Amino acid sequence: MSKATALTLSAVSKRYDSGLQALGEIDLSLQPGEFVSIVGPSGCGKSTLLRIIAGLMAPSGGSYQRPQGIETAFVFQDAALLPWRTILDNAQLLMELEGYPRSEYQARARTALQRVGLAGFESAYPHQLSGGMRMRLSLARALALQPQLLLLDEPLAAVDELTRDVLQEELSQLWQAAGFTAVLVTHNVHEAVYLSNRVVVMSPRPGRILDVIDVPFAFPRAPELRAEAGFAELTGRVSAALRAIPQVSSPT
Ligand SMILES: Nc1ncnc2c1ncn2[C@@H]1O[C@H](COP(=O)(O)OP(=O)(O)OP(=O)(O)O)[C@@H](O)[C@H]1O
Ligand SMILES: [Mg+2]
């Protein structure tokens, strides 16, 4: 395999310094170019797992094999934009921090803004954008890095349903065009199935993998797929796996 080789977590666990065990033992391998979604109850360690995959935090147990030097970008739930910077300046922020030459980061930022449909807004400021546009900008900022690995932590949670559907299609198209490996944390089962090759279902804390569901539909996926019986069957399976999670053990 090329530079974009698989990422492999073997019995990865995480105990925070506070003593809290956030993750149990996680075994997961991510193939280059794959789109994997992670669903699970609040507090089960999804963001923790994403930070470990990003290389932002070391696991406290097990091993994580990650190819050296793969460009990684992270999209956070809140768009995390700098209000005093223009749209273009926000889009190029990560490249500036990484020390890219100005000529390169400006050209890349402009291209990324075009890809997410924000051409023409380069000199506007974040407060002049809608929530969906801010999310697009956050995505452009990550895409401008031309990442091989893109990590998304509930990026669409704050937008309305119609915008969400549109952004899902755009994200899917961008992923198909650029070929990066994507890991998406979401609470939305439909979103997970629509976008992914595989959906990982996690247990409550300490998070473990309960189930991995393959999504066989070919890409590009038409929006109408969401109305098909096969789609409903798969979202039903993911929902059932989530519902099967024991809540509080009751004495019998
Ligand atoms: N820096 C930290 N120090 C100590 N504990 C932490 C830290 N970050 C997260 N935790 C704890 O680890 C557990 C898992 O947190 P995490 O943010 O990974 O969950 P999550 O699955 O992303 O939840 P949500 O769906 O609500 O975003 C939680 O109990 C949280 O309180
Ligand atoms: Mg989280």
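Parameters and conventions
Residues numbered from 1 in each chain as written. Chains lettered and ligands numbered in written order. Predicted model: local features only at pLDDT ≥ 70, side-chain atom pairs only at ≥ 80, totals over all residues. Heavy atoms only, no water. Domains from an automatic or database assignment. Contact = heavy atoms within 4.5 Å. Buried area = accessible area lost by both parts, 1.4 Å probe. Salt bridge = Lys/Arg side-chain N within 4 Å of Asp/Glu carboxyl O. Polar contact = N/O pair within 3.5 Å; in protein donor to acceptor, adjacent residues only side chain to side chain. Helix = DSSP H or I, 4+ residues; strand = E, 2+ residues; numbered from the N terminus. Nonpolar A, V, L, I, M, F, W, Y, C, P; charged D, E, K, R; others polar. Axes fitted to C-alpha atoms, helices over the stretch in contact; angles between N-to-C directions. Parallel < 35°, antiparallel > 145°, perpendicular 65-115°, else oblique. Left-handed = near helix turned anticlockwise from the far one by under 90°. Near = heavy atom within 4 Å. Areas by Shrake-Rupley, 256 points an atom, 1.4 Å probe, with all protein chains shown as cover. Pairing = 2+ DSSP bridges.

1. Brief notes about the domain arrangement of the protein chain
Per the domain assignment, the segments making up the protein chain are domain 1 (1-71 + 147-245) and domain 2 (81-146). Here domain 1 and domain 2 have C-alpha centroids that lie 25 Å from each other. Counting residues at the interface gives 15 residues for domain 1 and 13 residues for domain 2. Three residues, Glu-71, Pro-147 and Leu-174, lead the burial of domain 1 against domain 2; their summed loss comes to 49% of the area buried on that side. Seen at the junction of domain 1 and domain 2, the total is one salt bridge. Linking Arg-136 and Glu-170 is a salt bridge whose minimum nitrogen-to-oxygen distance equals 3.1 Å. On inspection of domain 1 and its partner domain 2, the count reaches two residue pairs in polar contact (both at pLDDT 80 or more). Breaking the side of domain 1 that touches domain 2 down by element, the ones donating at least two residues are strand 6 (149-153) and helix 6 (161-178). The leading source of residues in the side of domain 1 that touches domain 2 is helix 6, at six residues. Counted by class, the side of domain 1 that touches domain 2 contains 11 nonpolar, two polar and two charged residues.

2. A few points about the packing of helix 5 (residues 131-143) against helix 6
The geometry of helix 5 relative to helix 6 is characterised by a closest axis approach of 11 Å and an angle of 15 degrees between their N-to-C directions. The angle between helix 5 and helix 6 falls in the class roughly parallel. The two elements helix 5 and helix 6 meet at a crossing, and its hand is right-handed. Counting all contacts with helix 5, which are made through Gly-132, Met-135, Arg-136, Leu-139 and Leu-143, the residues of helix 6 involved are Thr-163, Val-166, Leu-167, Glu-170, Leu-171 and Leu-174.

3. A few points about the site of ligand 1
Close to ligand 1 lie 15 residues; Ser-42, Gly-43, Lys-46, Ser-47 and Thr-48 are nearest. Here an oxygen atom of ligand 1 sits 2.5 Å away from a polar atom, N or O, in the side chain of Ser-42. The separation between an oxygen atom of ligand 1 and a polar main-chain atom of Gly-43 is 2.8 Å. Coverage of ligand 1 by the protein amounts to 65% of the 640 Å² it exposes when considered alone. Per element, the largest residue contribution to the shell around ligand 1 is four residues, and it comes from helix 1 (residues 46-54). Tallied by class, the residues present in the shell around ligand 1 amount to four nonpolar, seven polar and four charged.

4. A closer look at the pattern of salt bridges
What the rule picks out here adds up to seven salt bridges. For Asp-165, the salt bridge identified is with Arg-226, shortest N-O distance 4.0 Å. Of the two residues, Asp-165 is situated in helix 6 and Arg-226 in the loop between strand 9 (209-214) and helix 8 (229-243); the sequence distance between them amounts to 61 residues. A salt bridge links Glu-169 to Arg-226; the nearest nitrogen and oxygen atoms lie 2.8 Å apart. Here Arg-226 lies in the loop between strand 9 and helix 8 and Glu-169 lies in helix 6, a separation of 57 residues in the sequence. A network of salt bridges, in which partner residues are shared, links Asp-165, Glu-169 and Arg-226.

5. Comments concerning the sheet that holds strand 1 (residues 7-15)
Pairing is antiparallel in the open sheet, where three strands are placed in the order 2-1-4. This sheet does not close on itself; its edge strands, each paired only once, are strand 2 (21-30) and strand 4 (61-65). Across this sheet, the average inter-strand angle for adjacent strands is 15 degrees, counted without regard to direction.

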